[in-house]
Amino acid sequence: MIHLLTDGVSRRALKLLAGLCLALIAAPLAASDYLITVLILVLYFAYVGQAWNIMMGFAGQLSLGHALYVGLGAYAAAALYVHFGVGPWLGLWVAMASAAAVGAVIGFLAFRFGVGGVYFAILTIAFAEFARIGFDHWSWLGGSAGLFLPVANYAHNDLLTLRGGPTMFYYVMLTMTGAAFVVCHALLRSRIGYYWLAIRESPDAAQALGIDIFRCKMVAVVVSAAMTSLGGVLFAFYYNNLFPEQIFHISRSIELILGPIIGGIGTLVGPIVGAFLLTALAETLSEILRWAGIDLPGIKQVFYGFCLLGVVMFLPDGVWPPLGRWLGLAREEGER
Amino acid sequence: MTALLEVAGISKSFTGLRALENVSFVVPEGSIVGLIGPNGAGKTTCFNVVAGVTRADAGEVRLAGTRIDGWRPDQVCRAGIGRTFQLVKPFAGLSVMENVLVGALNACASVREAKARAGDIIEQLGLAEKRRAMAASLTLPERKRLEVARALATGPRLLMLDEVMAGLRPTETDHMVALFRTLNANMGLTILLIEHVMRAVMALSSGLIVLNHGQVIAAGPPAEVTRDPAVLECYLGEEAV
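What you see is a predicted model, and the numbers here were worked out from it, not measured in a lab. (Residues numbered from 1 in each chain as written. Chains lettered and ligands numbered in written order. Predicted model: local features only at pLDDT ≥ 70, side-chain atom pairs only at ≥ 80, totals over all residues.)

> How should I be thinking about the overall build of chain A in this particular structure?
The secondary structure content of chain A amounts to 15 helices and 2 strands. Its C-alpha atoms put chain A at 55 × 45 × 40 Å along the principal axes. Relative to its full complement of 336 residues, chain A shows a buried share of 45%. A separation of at least 24 residues holds for 76% of the contacts in chain A among residues at least 6 apart in sequence. (Helix = DSSP H or I, 4+ residues; strand = E, 2+ residues; numbered from the N terminus. Buried ≥ 20, exposed ≤ 12 C-beta atoms within 10 Å, placed from the backbone. Contact = placed C-beta atoms within 7 Å.)

In C-alpha cells:
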C-alpha cells in the first residue's frame, strides 16, 4: 500500500508534503478563531475540488452541477439526524449512497445515449436545478424555509455527533482533504486512472485499446458524486442550516470548480493549491476592504472573475504545473 | 492454414453511397495480408467494420470461428484484434510511456506488469528515447510508431494496420517492415495491413486483397494479383508490371 503512494514521487516532494501536513496539523495552536474558519473553508474547497477533479480532470467529463451532490449529501445526513437522531457517521453512508445513485442515473442517461461535452454539462446543471426546485417544495425537509440542525454548546466537542467548535471541524476537514489526496493519488496510478486519462484524451482511441468507456465513465461519476456528498455532510453539520436556494444554487457549483481550474485541472495538487490561493486572497481582500471601511457587495465574485481571467489568459494549465516545476517537484515532463 | 479472420458478405451503405458490397475474404492464421486499392475503395470502412466502429448492413465477421460482428470496439480488442488509426489518435496530453501503458493494460493483470510490457514494446519500436516525452511533441513518423506500439501492446492475435508507413522515409519504412516480419515470424502475429507504399506491401504480404468501388476485384498471392489486368487498370497502373 505504501509503495503505491511513494512510487514515482521525489524525496523533495515527500519532504515538502510532510512539512505542509505538520504545519496544517499545528495551525490551530497559533491561529485565531477567524483564521480557523477561513482554513475550514479552504479545506472544504480543496476537498470538493478534488472530488470534482476526478470527473473533469481525470475522466474529462465536465460537470457544472456538482452542488447537486453537495446538497444531496448535506440533506441526507441532516434529515437523518433531525428526524431520526441518526448520527453523521451512519448518515454519511446514506449520503454517499444517494449521491452515487443520482450520479449513476445522470451518468447512465448521458453516457448511454452519447451525451457529451457541453451537452453533458447542461444536463448536470439541469439536474442540480431540478433538485433546487424540488427541495424547495419538500416540506419534510423544511422546504424553502430551510432545515436546521440543533446547535450544541460550543464548550465541548462531540466527534460522534459532529457537534462542536471550529477546531474540531478543522481537523475533520483536514483529515478528509488528506484522505481525498491519498485516494486521488492511488486512483491516478491504478488501472482505472489510466483508463480515465485515455478517455479524456481520445475516447475513440481508448475504446480501440479495449477500454469499456461507458463503464469507466460511470465509475468516475459515481466515485466523484460519493466523494462530493461527503463534503456536503460536513457542510450541513458545520453550518447547521440548509436552504435549497443556497446549497443547490449554480453559483455553488461554479465556486466549487474554481479551485481546480485555478490550481490546475487534472493535477493532484492543483485543486488544493487553487483552494488556498482563491480563498486566502479573497479573504485578505475583504479584510483590507473592511479595514478601509469600504463596503462593496459582490466584490468576492468580481475578484474570482479576475482570478479566472488571469489564469485562463496566462496560465491555461493552472497555477500548479509551473509552480511545481519552480519548486523542483516535477522531475519530468508529464508528472502530475 | 486455418482462418483467423473471416469476413463473409459484408455490405455497408452510407446514405446512398455503397461503401462495401458483398465483401468476403480470409486472413489465415500466421499470415501477413495486404489490403490495397485506390482511394475511396472502402479499405478503411472495411477495417472499421471488423474493428466494431462501423456496423455493417449485412454479412458476418468471425475471429477464430467466433462471430464478432456487432461487437463494440473494446470487445473486439479484448477478443484479440489490435488496430491503428489512419489519422493517428495519440493521447496527446500523456507521455509516450503512458500511451503504450494504456494499451498494455489490456494484456496484463497488473499495472506493474503493464509497465514492463510497455517498456519492452517502446524499445522494439525505437521510441525508448522519447518515453517521457508528451505524445503531442512527437513528429508524424514517431506518432505512427506510437500508434503501432499502442495497438501491439494490447497483445493482439491479429494486428490491423491502417497506412502506418504513409509519410515515412524509405529507411523508416524498411525498419517498420523488418519489425513486422520479426513479430510475424517470432510471435506468430497475424497482420492485416492497408497500405499504399507498394515497396512495403510487396516485402511483407503473403497474400493480397484488392478492393475497388467497395468490391473485392482480386485476391491471392502478390505475384499473381499484381499481374491481374483489372488491378493494373484501376490501381497499380502499367508501370508496376
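Moving on from the model shown.
> Teacher, can you tell me more about the overall build of chain B here?
Within chain B one finds 9 helices and 10 strands. The proportion of buried residues among the 241 residues of chain B is 47%. Taking as baseline every contact in chain B between residues at least 6 positions apart, the subset at least 24 positions apart corresponds to 64%.

> I keep staring at the interface of chain A and chain B and nothing clicks. Help me out?
How big an interface is tends to be expressed through the accessible area that disappears when the partners come together. In this complex, chain A contributes 19 residues to the contact, which on the side of chain B involves 25 residues. Broken down by element, the side of chain A that touches chain B gets its largest block of residues, 5 residues, from helix 8 (residues 191-201) of chain A. Of the residues belonging to the side of chain A that touches chain B, the class tally is 7 nonpolar, 5 polar and 7 charged. (Nonpolar A, V, L, I, M, F, W, Y, C, P; charged D, E, K, R; others polar.)

> Would you take a moment to explain the sheet that holds strand 8 (residues 190-194) of chain B for this structure?
The strands that make up a sheet are held in pairs by hydrogen bonds between backbone atoms, and each pair lies either parallel or antiparallel. Residue and element names in this part refer to chain B. Pairing is mixed in the open sheet, where 6 strands are placed in the order 6-7-8-3-9-10. In the strand order of this sheet, the two ends are held by strand 6 (81-83) and strand 10 (215-220), each with one partner. When the angles between neighbouring strand axes are averaged without regard to direction, this sheet yields 15 degrees. Where strand 3 (residues 32-36) and strand 8 come together, 4 bridges link them in parallel fashion. For V33, the partnering residue across the bridge sits in strand 8 and is L192. Along the sheet face, helix 1 (residues 43-51) touches strand 3, strand 6, strand 7 (158-162), strand 8 and strand 9 (207-212) and points at about 150 degrees away from the line of strand 7. (Pairing = 2+ DSSP bridges. Axes fitted to C-alpha atoms, helices over the stretch in contact; angles between N-to-C directions.)

> What is the right way to look at the packing of helix 8 of chain A against helix 3 (residues 96-104) of chain B in this model?
Helix packing geometry: the angle between the two helix axes and the distance between the axes. Put simply, helix 8 of chain A and helix 3 of chain B touch, their axes get as near as 10 Å, and they point 110 degrees apart. In terms of their interaxial angle, helix 8 of chain A and helix 3 of chain B are classed as roughly perpendicular. Helix 3 of chain B is crossed by helix 8 of chain A, and the crossing has left-handed handedness. Along its contact with helix 8 of chain A, which presents Y194(A), L197(A) and A198(A), the element helix 3 of chain B presents E98(B), L101(B) and V102(B). Here the residues of the contact of helix 8 of chain A with helix 3 of chain B are counted per class, giving 5 nonpolar, no polar and 1 charged. (Parallel < 35°, antiparallel > 145°, perpendicular 65-115°, else oblique. Left-handed = near helix turned anticlockwise from the far one by under 90°.)

> What is the right way to read the environment of G274(A) from this model?
Residues and elements named next belong to chain A. Positionally, G274 belongs in helix 13 (residues 270-292). On a C-alpha basis, the gap between G274 and V302 in space is 17 Å, while along the polypeptide they are 28 residues apart. Here G274 is in contact with G49, L258, G259, P260, I261, I262, G263, G318 and V319, once residues within four sequence places are set aside.

> Just to check I follow, could you spell out the sheet that holds strand 2 (residues 17-28) of chain B for this structure?
Residues and elements named next belong to chain B. Strands sit in the order 2-1-4-5 across an open sheet of 4 strands; the sheet is antiparallel. Strands with a single pairing partner mark the edges of an open sheet, and in this sheet they are strand 2 and strand 5 (66-67). Bridge analysis of strand 1 (residues 3-14) against strand 2 gives 8 bridges, and the strand direction is antiparallel. Counted as the bridge partner of V7 is F25 from strand 2. Along the sheet, helix 1 makes contact with strand 1, strand 2 and strand 4 (58-63), crossing strand 1 at roughly 115 degrees.

> Which parts of the structure should I look at to understand the confidence of the model for chain B?
Segments scoring low in pLDDT should not have their predicted coordinates read at a detailed level. All names here are of chain B. Residues at a pLDDT of 70 or more form 98% of chain B, whose mean pLDDT is 92. Across chain B, the secondary-structure element scoring lowest on mean pLDDT is helix 9 (residues 229-236), at 83, and the one scoring highest is helix 3, at 97. Note on the complex model: pTM 0.91, ipTM 0.92. (pLDDT = per-residue confidence, 0-100.)

> Could you clarify how one ought to interpret the environment of A26(A) in this entry?
Locating A26(A) in the fold gives a position in helix 2 (residues 11-30). In the structure, A26(A) is positioned 232 residues away from L258(A) in sequence and 27 Å away in space, judged by C-alpha atoms.

> Help me understand helix 3 (residues 33-58) of chain A in this model?
An α-helical turn contains 3.6 residues, so any two residues separated by three or four positions project in the same direction. All names here are of chain A. If you check helix 3, its first and last C-alpha atoms are 36 Å apart, about what 26 residues at 1.5 Å a residue would give, namely 38 Å. Among the 26 residues that make up helix 3, 19 are buried, leaving the element largely enclosed by the rest of the structure. Looking one or two residues past helix 3, G60 carries a phi angle of roughly 75 degrees, positive in sign. (Expected span 1.5 Å × (residues − 1).)

> Explanation requested: the environment of M202(B) in the structure shown.
All names here are of chain B. With respect to the secondary-structure elements, M202 resides in helix 7 (residues 198-204). Exposure remark for M202: the 16 C-beta atoms within 10 Å place this residue in the partly exposed category. C-alpha of M202 to C-alpha of G34: the two residues are 168 residues apart in sequence and 8.5 Å apart in space.

> Explain helix 5 (residues 88-112) of chain A to me, please; I cannot follow it from the model alone.
Residue and element names in this part refer to chain A. If you check helix 5, its first and last C-alpha atoms are 34 Å apart, about what 25 residues at 1.5 Å a residue would give, namely 36 Å. Those residues of helix 5 that sit buried are P88, G91, L92, A95, M96, A99, A100, G103, I106, G107, A110 and F111. Looking at the residues trailing helix 5, positive phi occurs at G114, about 65 degrees.

> Sorry if this is basic, but what is going on with the confidence of the model for chain A here?
Residue and element names in this part refer to chain A. Here chain A averages 89 in pLDDT, while 94% of its residues score no lower than 70. Highest mean pLDDT in chain A belongs to helix 8 (97); lowest belongs to helix 1 (residues 2-6) (54). Confidence over residues 331-335 falls short of pLDDT 50; this stretch has 12 contacts with residues more than four positions distant or in other chains.

> Even after reading the chapter, I still don't get the pairing of strand 1 of chain B, so can you show me in this structure?
Each regular strand shows side chains that alternate between the opposite faces of the sheet. Residue and element names in this part refer to chain B. Hairpin connection from strand 1 to strand 2: 2 residues lie between these consecutive antiparallel strands, with T15 at a positive phi of about 30 degrees. As paired strands, strand 1 and strand 4 are joined by 5 bridges and run antiparallel to one another. Each residue of the ladder has a partner; that of L5, found in strand 4, is L63.

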